[in-house]
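So the chains spell out like this:
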Amino acid sequence: MAGDEVVRWLRAFSRARDEFLSSSVTRLPPPAGLIRPTVHASWRRSRLQGLDPDEVEPHHLDDVDSDHYLARAVAPVVNRREVALEHGAYALVLTDRDGRLLHRWVKAPRLAEAMDALGVAPGTTMDESVVGTTALVTMLTGSPEMIRGPEHYSDRLRDFTCASAPIVHPINRRLLGSISLVCRLRDTAPVMLPWVTEIVAAVEEGLRLRSARREQQLFDAYTRHNRDARHPVVALDSSTIITNAAAARLLSGVDQSMLWEHARRTLVGPSGPSTLTLPNGHVVSVDCRAVSDDEDDAGAVLLITRRAVPSTVDDTCAITGTERGLPRLTGRSQHWQALCQQVIALRGVRSSVLVTGEPGTGRLSVAQALQGWQDVRVLDAADAASRGRRGWCRALEAELDGVDASLVIRHVDLLDPALAQATLATLRRVPPARLLATADRSIHGTSRPNALLDSFAAVVEVPPLRDRLDDLHDLVAAFTDRAGGRGRVEWTPEAIQTLSRVDWPGNLNSVDALVRRLVADTAGGRRRITVEHLPPEYLARGARRPLATLEQTEATAILNALRAAGGNKNQAALALGIARSTLYRKVRALGLDLTTTVY
Ligand SMILES: Nc1ncnc2c1ncn2[C@@H]1O[C@H](COP(=O)(O)OP(=O)(O)OP(=O)(O)O)[C@@H](O)[C@H]1O
């Protein structure tokens with residue numbers, strides 16, 4: 001447009017914009033005239049969200065990883081075009097799929113200053129639900145978009161033009177983020193849109209080549225290990241899986257993401273084969289080998305050996321009752337087996353043992369199993385405060401007097417130093433057959449002197465459930481039996497798989513509580529517990545934290561809307577009256593896993 005035309009357009013557009021913004025939210029004018037439909041739709045969403053154009057501005061969220069894989073993929077493409085950036089008043093901006101700015105390339109000092117003043121810098125979110133309409137609408141429309149000056153919803157962005165294109169993974173077609181070309185309104189040029197589209201095409205081509213290279217590496221590693229077709233071999237990463245026939249037979253019905261999750265955990269854990277209980281009931285030993293390329297993990301090769309004993313509720317007892325396990329306690333994982341060995345070695349001696357770990361990990365149970373569950377008295381130090389010093393010491397003596405039994409002092413770390421000293425004196429006067437105690441694992445780092453804690457001859461640490469998630473299937477089965485669901489309540493592999501993605505801060509106590517709740521819901525009937533029966537907070541993946549009540553309500557509303565829309569996120573967002581980008585942001589913040597079969 002020529003100079004005069006631009007001025008006329010700006011005037012007319014500003015009038016149309018003022019009219020739109022001054023209308024009541026319930027009576028917004030329909031798209032017409034100068035306001036393009038995409039802009040109108042985005043303004044509408046922004047208004048319905050209650051955003052104030054005078055107030056909204058880019059919002060700094062957090063620091064971003066300067067080594068983000070997307071920034072690494074884009075950098076070489078941008079660097080090849082550096083000269084163009086040097087000679088023009090343009091900046092390039094990379095965001096992730098949530099609109100979070102990952103990196104910006106800007107050479108023109110004035111433009112850099114202006115962007116700084118607006119806070120358009122790495123870590124800032126440009127999501128529509130925060131800043132209103134920007135060219136990131138491209139991630140909703142799926143096509144390149146240019147937003148000029150007053151088409152931005154925020155008043156503070158009126159002096160800028162931005163042309164953006166979405167980056168889509170060339171193999172799995174997932175939206176990864178966006179690239180935008182930014183300039184002052186007066187420098188707007190029609191060539192901006194083709195230029196940014198061409199940059200994105202080059203980035204996607206780089207990603208395709210990289211994927212092909214990773215796949216090739218995976219395939220090479222698979223071929224190297226697949227020497228004997230009788231042994232199950234799997235090569236996989238998050239998006240590709242290659243198996244031989246033996247593995248395909250063994251793994252029928254097993255989800256790739258479960259195997260990948262197991263591989264990833266094993267690769268960062270202690271070396272050596274790990275045990276995995278497959279949702280189809282088979283117990284396998286997995287030797288996991290990393291397949292790496294120069295920059296990143298390219299995946300893993302799993303050499304699988306089938307264990308003789310299938311995993312069923314009944315044989316759980318058989319396995320745990322052997323000398324490799326602890327009586328009445330369930331577990332087969334590597335961490336659990338290491339613990340069992342330590343406990344079994346301590347059985348034959350009479351020295352005092354302190355069992356530490358996070359709350360709910362099974363510390364008391366391990367202490368009792370260490371004594372073979374026989375003649376073990378239990379006293380809880382959590383009651384000491386209410387009993388008072390004399391009451392506590394009297395209770396202690398009463399437990400010990402004239403009885404040849406072992407004593408477990410539960411939560412011994414809760415005794416204050418004076419009470420701990422008095423307890424020690426009592427124990428010396430009336431010694432138990434053997435003294436055991438449980439305590440929080442943080443006592444390792446405590447600087448508070450405590451003679452009682454220091455007096456233990458051995459310490460055993462019970463691993464948190466998140467480190468032995470391979471045991472989850474067996475534990476759920478054992479708790480189901482205990483809750484009265486034996487023979488009538490069963491769990492689908494998908495439900496267990498979903499639960500295995502939770503971090504379980506409350507450890508076994510939380511699993512027990514969940515199982516009881518769901519078994520009670522069956523009201524004595526038969527039920528196959530599926531993902532749909534799980535409370536929304538357990539659909540959380542990666543969030544690794546319990547949801548607060550308000551978040552649970554929000555999660556329930558989102559999942560219900562998604563279910564009603566048959567998984568269609570656009571429709572669900574519409575029904576909830578929020579932008580699709582907001583839906584994504586909330587899903588991410590709540591840690592909801594939409595990849596499982598919820599709908
Ligand atoms: N290996 C196991 N197999 C089956 N059930 C277990 C196992 N370990 C613990 N449990 C059960 O898990 C629950 C928690 O165990 P326990 O009370 O021993 O843990 P804790 O760490 O002492 O807990 P708290 O933090 O309440 O003191 C109990 O219901 C217990 O029966």
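Residues numbered from 1 in each chain as written. Predicted model: local features only at pLDDT ≥ 70, side-chain atom pairs only at ≥ 80, totals over all residues. Heavy atoms only, no water.

1. Focus: the overall build of the protein
Heads up, the rule is: Think of it this way: any DSSP run of H or I at least four residues long counts as a helix, any run of E at least two long counts as a strand, and we number them from the N terminus. Think of it in three bands: residues with accessible area under 20% of the maximum for their type are buried, residues over 50% are exposed, and the middle band is partly exposed, with areas taken using a 1.4 Å probe on protein chains only. Exposure was quantified through the Shrake-Rupley algorithm and a 1.4 Å probe, taking into account, for residues, occlusion by the shown protein chains and nothing else.
Of the regular secondary structure elements, the protein holds 22 helices and 19 strands. Buried residues in the protein amount to 51% of all 599 residues. Of the roughly 27,800 Å² that the protein leaves accessible, carbon and sulfur atoms contribute 51%.

2. Description of the pairing of strand 8 (residues 233-236)
Going by this rule: Strand pairing is assigned whenever DSSP detects at least two bridges linking the two strands.
Where burial is concerned, the two faces of strand 8 agree: the one with V233 and A235 and the one with V234 and L236 are both buried. In the sheet, strand 8 pairs with strand 9 (residues 241-243) via three bridges, with the strands oriented antiparallel. Considered in strand 9, the bridge of A235 is made with I242. Hairpin connection, strand 8 to strand 9: the antiparallel pair is bridged by four residues.

3. Remarks on the site of the ligand
Heads up, the condition is: Being near a molecule or strand, for a residue, means having at least one of its heavy atoms within 4 Å of it. Polar contact criterion, stated in full: a pair of N or O atoms within 3.5 Å, where within protein one must be able to donate a hydrogen and the other to accept it, and residues adjacent in sequence count only if both atoms are side-chain atoms.
Near the ligand lie 18 residues; those nearest to it are G360, R363, S365, H411 and R482. A distance of 2.6 Å separates an oxygen atom of the ligand from a polar atom in the side chain of S365. The protein chains hide 86% of the 630 Å² of surface that the ligand would expose on its own. Secondary structure elements with two or more residues in the shell around the ligand: helix 13 (363-370), helix 17 (472-482) and helix 19 (507-521).

4. Focus on the pattern of salt bridges
To be explicit about the condition: We count a salt bridge whenever a side-chain nitrogen from Lys or Arg sits within 4 Å of a carboxyl oxygen from Asp or Glu.
Within this structure, the stated rule accounts for 24 salt bridges. Here R184 makes a salt bridge to D159, at a shortest N to O gap of 2.5 Å. A residue pair is termed long-range when its members are at least 10 positions apart, and R184 in strand 7 (residues 175-184) and D159 in the loop between strand 5 (145-148) and strand 6 (160-168) qualify at 25 residues. Here D228 makes a salt bridge to R230, at a shortest N to O gap of 2.7 Å.

5. Quick word on the environment of G357
Its place among the elements puts G357 in strand 13 (residues 353-357). A residue is classified by how much of its surface remains accessible, and G357, at 0% relative accessible area, is buried. Taking the C-alpha atoms as reference points, G357 and P463, separated by 106 residues in sequence, lie 6.4 Å from one another.

6. Focus: helix 17
Taken together, the buried positions of helix 17 are occupied by L472, D474, L475, V476, A477, F479 and T480. Looking one or two residues beyond helix 17, the residue adopting positive phi is G484, at roughly 90°.

7. Quick word on the packing of helix 17 against helix 19
What counts here: Orientation is described by lines fitted to C-alpha atoms, with helices fitted over the stretch in contact, and by angles between N-to-C directions that extend from 0 to 180 degrees. Convention used here: angles under 35 degrees read as roughly parallel, angles over 145 as roughly antiparallel, angles from 65 to 115 as roughly perpendicular, and any remaining angle as oblique. Note on convention: near helix rotated counterclockwise from far helix by under a right angle means a left-handed crossing. Clockwise means right-handed. The contact rule is simple, with two residues in contact once any of their heavy atoms fall within 4.5 Å. Amino acids outside the nonpolar list (Ala, Val, Leu, Ile, Met, Phe, Trp, Tyr, Cys, Pro) and the charged list (Asp, Glu, Lys, Arg) are all regarded as polar, and Gly is one of them.
Contact pair helix 17 / helix 19: the axes reach a minimum separation of 9 Å and the direction vectors enclose 50°. When the axes of helix 17 and helix 19 are compared, the pair comes out oblique. Classified by chirality, the crossing of helix 19 by helix 17 is right-handed. Together, L472, L475, V476, F479, T480 and R482 of helix 17 and L508, V511, D512, V515, R516 and V519 of helix 19 make up the contact between the two elements. Looking at the contact of helix 17 with helix 19 residue by residue, the classes come out as eight nonpolar, one polar and three charged.

8. A few points about the sheet that holds strand 6
What the five strands build is an open sheet, ordered 3-2-7-6-5; its pairing is antiparallel. The two strands at the open ends of the sheet, each matched to only one other strand, are strand 3 (101-106) and strand 5. With direction set aside, neighbouring strand axes in the sheet form an average angle of 20°. Relative to strand 7, strand 2 (residues 91-96) runs antiparallel, the two sharing six bridges. Looking across to strand 7, one finds that V93 is bridged to S180. Running over the sheet, helix 8 (residues 192-225) touches strand 2, strand 5, strand 6 and strand 7 and is turned about 25° from strand 6.

9. As for helix 1 (residues 3-22)
Rules: Each residue after the first adds 1.5 Å to the expected span of a helix.
Along its 20 residues, helix 1 runs 28 Å from first to last C-alpha, staying within 8% of the 28 Å computed at 1.5 Å per residue. Packing partners of the buried residues in helix 1 comprise helix 2 (37-48) and strand 5.

10. Description of the nonpolar core
This is how the line gets drawn: The definition of a nonpolar core used throughout is a set of buried Ala, Val, Leu, Ile, Met, Phe, Trp, Tyr and Cys residues joined through side-chain atoms within 4.5 Å.
Ranked by size, the top nonpolar core spans 28 residues in total, and within it V74, L92, L94, I167, I179, M192 and V203 carry the most contacts. Breaking this core down by element, the ones donating at least two residues are helix 3 (69-79), strand 2, strand 3, strand 6, strand 7 and helix 8. Excluding its chain neighbours within four sequence positions, the residues that come into contact with L92 are V78, L85, H103, R104, W105, I179, S180, L181 and I199. Membership of the second largest hydrophobic core comes to 26 residues, among which are F20, V39, L118 and L157.

11. What to know about the sheet that holds strand 14 (residues 376-380)
Pairing is parallel across the open sheet formed by five strands, whose spatial order is 14-15-16-13-17. The sheet is open, and its two edges are formed by strand 14 and strand 17 (458-461), each paired on a single side. Within the sheet, the average angular offset between the axes of one strand and its neighbour, ignoring direction, is 20°. Across the sheet, helix 14 (residues 384-400) lies against strand 14 and strand 15 (406-410), angled at about 170° from strand 14, the strand it touches most.

12. Topic: the environment of H411
Secondary-structure assignment places H411 in the loop between strand 15 and helix 15 (417-429). Through-space distance from the C-alpha of H411 to that of D380 is 6.3 Å; in sequence the pair is 31 residues apart.

13. Structural notes on unusual backbone geometry
In this structure, W504 takes a positive phi of about 50° despite not being glycine. Not every positive phi belongs to a glycine, and A523 is a case in point at roughly 45°. Within the secondary structure layout, A523 lies in the loop between helix 19 and strand 19 (527-529). Given the relative accessible area of 69%, A523 is considered exposed.

14. Some words on the pairing of strand 7
Within strand 7, eight of the 10 residues are buried, leaving the element largely enclosed by the surrounding structure. Between strand 6 and strand 7, which follow one another and run antiparallel, lie six residues, and R173 among them has a positive phi close to 60°.

15. Side note on the packing of aromatic side chains
Selection rule: Any two of the Phe, Tyr and Trp rings considered here, Trp counted by its six-membered ring, make a pair once their centres fall within 6.5 Å; the pair's planes then place it as stacked at under 30 degrees, edge-to-face at over 60, or tilted in between.
With the rule as written, the count across this model stands at four aromatic pairs. Ring geometry for F13 against W43: centres 5.8 Å apart, planes inclined by 70°, an arrangement best described as edge-to-face. Placement of F13 in helix 1 and of W43 in helix 2 is noted, with a sequence separation of 30 residues between them. You'll find F13 and W43 in the same group, each marked buried. Three or more aromatic residues link up through ring pairs in this structure, and these residues are W9, F13, F20 and W43.

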